[in-house]
Amino acid sequence: MLRRGSPYFYILPIVVLAGGLIYYCIGFSAYASLTDWNGLTRMDFVGVANYADLIEDPTFWIALRNNLVFMAATIVIQAVLGLLIAVIAKERLPGSNVYKAIFFLPIAMAPAIIATVFKYMLEANYGTLNESLRALGLIGPDAVIQWLGKDLGIWSIILINVFQWMGFSMMTYYAGLMSIPDELYEAGMIDGAGWWRRLVSITIPSLRGTTSVLVILGIVGSLKTFDIVWLTTGGGPGVSTQFLNTFLVQTRADREAGYASAIGVVILVLAFALAMLQIRASNRERSIR
Amino acid sequence: MNGTKRVGPRIAMYATLTFLAAIWLYPIGLAIYKSVSVGGWGNYAAVLNHRTFSYWAAVGNSFLLAGASAIVIVLIASLGGYAFSKLQFPGRTAIYYVLLACLAVPVASVVTPLFFTVNNLGLRDSYTGVIVPLVAFNVMIMLMIMKNHFDSLPDELIEAAKLDGSNSFGTFWRILVPLSGSSLANIGVLSFVYAWNEYLLPTLLLTSPERFPVTQAISLLESDRMSQEQISQLYAGLILMTVPSILVYLASQRFLQAGVTAGAVKS
């Protein structure tokens, strides 16, 4: 079957090296989630005890809530800003390519580096953002805004993600805009539709497919978010900005590998379920239209 | 759209773009300013001659991890994309979707078994032990891009090659690969950037500072109570570590922008 020239010969490397490793890890996680395990040796089967503990663990619910708030906020903010800039860039103003390059630049930069810059920038006492705001007189000379504190921390993390990924939404919308036929706009102009009317009745409906792709990627991406939380707030103060991924990594570091695996299984189920829901919703929409 | 010929909307558009661009440039400008605010340009020299942090080693490690994983990804994603697009075999669609489902798997969700497995294979704290998971977690989107690309090439090409007596590998290598330069460049650049930016995998699997890539080496410049001068040096280090990314970005902007959106805009 694996003669050279057999179709299976071509997919063997990717199936074994990538698919095999990932599915092996998933299966291993599913099994380990049913055990009390320190991550290296001693592994005792405990049934669903880890899951029972998990639904009683307030940190889990805080992490889940943060993940969902982050998911909704980043998807909406990145889509709105990305669409706004793409629509403006489509007007082919002189210099619009420079602006596009500025917004796209953070995608090429490592999240770890961006997160570290933001951590020092947002630091409450000596951080540059508060210093800038004080210098501009926008806050009092002794005011201290806890950007990475328990109330604003999640929003600062959202801001960092928007900074990094908005350019992706912009480029994707821009590519989508290019494929809308000009006739649609010409017809709209004949009907006397103004700029706003054309945006709402022509542009946004035509970009529905692009938006749905961005929503799927936003869902999946938000469940992958780790670096920008770990390297800024580290989930703190306390557990207030814990995400599912940081909660898992923290738990594993505390040698609770079975419990960490249960968190991992919950993340995987969420990732598959939410992605499937959104894919089905967009397929249904397509079949209605 | 005609509205742009008028002055008012144009000013509004420039104002919007400029306002947003200022927000986007603030952290970057700030990092550059802070890197020289205490200690001046000497901070850059200080970082390059740091006691515990070697800039060139970190950059070299990142190049090695990103380059090696990108090469492997280009090879196995193009082979796989070709088979899933142009060859017929039982289970083709099912296997393809089972592989694509991996796109939704966060690295963090499987760190425990991944660490255990890499450790048991004796690959912990080795480059190979990081490259293999980097390939596994980055290759699926590239597989999708390559399959979509091969789907766009006409089947007649393959029929013609078959008539000329070419076997399936010959068709792939001599007919399709030469027509796939820009797609291969897209996924190569994208794989490189994704691997360069990865933080969790090296942090999980590498322990010797001399093997740290840039994302992990940041920690070598940080300590608990940092003086203003040390913070300035940290900023200088962050900027120096971003320079290679910016160079790769400038050199491959076209491929990177096309590659990043290729996974999204194809139906």
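Owing to the predicted nature of the structure, the values given are computational and were not obtained by experimental measurement. (Residues numbered from 1 in each chain as written. Chains lettered and ligands numbered in written order. Predicted model: local features only at pLDDT ≥ 70, side-chain atom pairs only at ≥ 80, totals over all residues.)

### Some points on the overall build of chain B
Scanning chain B from N- to C-terminus turns up 13 helices and zero strands. Mapped from its N terminus to its C terminus, chain B presents α and β elements in the order α-α-α-α-α-α-α-α-α-α-α-α-α. Across its three principal axes, chain B shows a C-alpha extent of roughly 70 × 65 × 30 Å. Among the 267 residues that make up chain B, the fraction classed as buried is 47%. By sequence separation, contacts in chain B at least 24 residues apart represent 83% of the contacts at least 6 residues apart. (Helix = DSSP H or I, 4+ residues; strand = E, 2+ residues; numbered from the N terminus. Buried ≥ 20, exposed ≤ 12 C-beta atoms within 10 Å, placed from the backbone. Contact = placed C-beta atoms within 7 Å.)

### Some remarks on the overall build of chain A
Along the backbone of chain A there are 13 helices and two strands. For chain A, long-range pairs separated by at least 24 residues make up 68% of all intrachain contacts whose partners lie at least 6 apart in sequence.

### Remarks on the packing of helix 3 (residues 55–86) of chain B against helix 9 (residues 181–197) of chain B
Helix packing geometry: the angle between the two helix axes and the distance between the axes. Residues and elements named next belong to chain B. Viewed as axis vectors pointing N to C, helix 3 and helix 9 meet at an angle of 140°, and their least axial separation amounts to 8 Å. If you check the angle between helix 3 and helix 9, you find them oblique. For the pair helix 3 and helix 9, the crossing hand works out as right-handed. Contacts between helix 3 and helix 9 involve S62, L65, A66, G67, S69, A70, I73, V74, A77 and S78 from the former and L184, I187, G188, S191, F192, A195 and W196 from the latter. Its residues assigned to classes, the contact of helix 3 with helix 9 shows 11 nonpolar, six polar and no charged. (Axes fitted to C-alpha atoms, helices over the stretch in contact; angles between N-to-C directions. Parallel < 35°, antiparallel > 145°, perpendicular 65-115°, else oblique. Left-handed = near helix turned anticlockwise from the far one by under 90°. Nonpolar A, V, L, I, M, F, W, Y, C, P; charged D, E, K, R; others polar.)

### Here's the deal with the environment of B:R51
All names here are of chain B. As for its position among the elements, R51 is in the loop between helix 2 (42–48) and helix 3. For R51, a count of 7 C-beta atoms within 10 Å corresponds to the exposed category. Along the primary structure R51 and N120 are separated by 69 residues, whereas in three dimensions their C-alpha atoms are 33 Å apart.

### A few points about the environment of A:I62
Within the secondary structure, A:I62 sits in helix 3 (residues 58–90). Discounting chain neighbours no more than four positions away, the residues touching A:I62 are A:V239, A:S240 and A:Q242.

### Examining the nonpolar core
Within the largest apolar cluster, 163 residues are counted, with the highest numbers of intra-cluster contacts made by A:I263, B:I73, B:A77, B:V139 and B:M142. It is helix 6 (residues 127–151) of chain B that contributes the most residues to this core, 16 residues altogether. Sequence-distant contacts of B:V139, defined by excluding residues within four places in its chain, comprise A:I14, A:A18, B:I73, B:I76 and B:A77. (Core = buried A, V, L, I, M, F, W, Y, C linked by C-beta atoms within 7 Å.)

### A closer look at the interface of chain B and chain A
Counting residues at the interface gives 73 residues for chain B and 72 residues for chain A. For the side of chain B that touches chain A, the leading source of residues is helix 1 (residues 7–37) of chain B, giving 13 residues.

### Digging into unusual backbone geometry
Residue and element names in this part refer to chain A. Residues G236 and P237 are joined by a peptide bond in cis, for which omega reads -5°. You can see P237 is positioned in the loop between helix 11 (227–230) and helix 12 (244–253). One non-glycine residue, R255, lies in positive phi territory at about 65°. Turning to its location among the elements, R255 is positioned in the loop between helix 12 and helix 13 (257–288). You can call R255 partly exposed: it has 13 C-beta atoms within 10 Å.

### Some points on the environment of B:A46
The residue B:A46 is located in helix 2 in this model. Given 17 C-beta atoms within a 10 Å radius, B:A46 is considered partly exposed.

### Details of the confidence of the model for chain B
Residues and elements named next belong to chain B. Per-residue pLDDT for chain B averages 89, and the proportion of residues at 70 or more is 96%. For chain B, the element scoring lowest by mean pLDDT is helix 13 (residues 253–265), at 69; helix 10 (residues 200–205) scores highest, at 96. For this predicted complex, the interface confidence comes out at an ipTM of 0.89, alongside a pTM of 0.90. (pLDDT = per-residue confidence, 0-100.)

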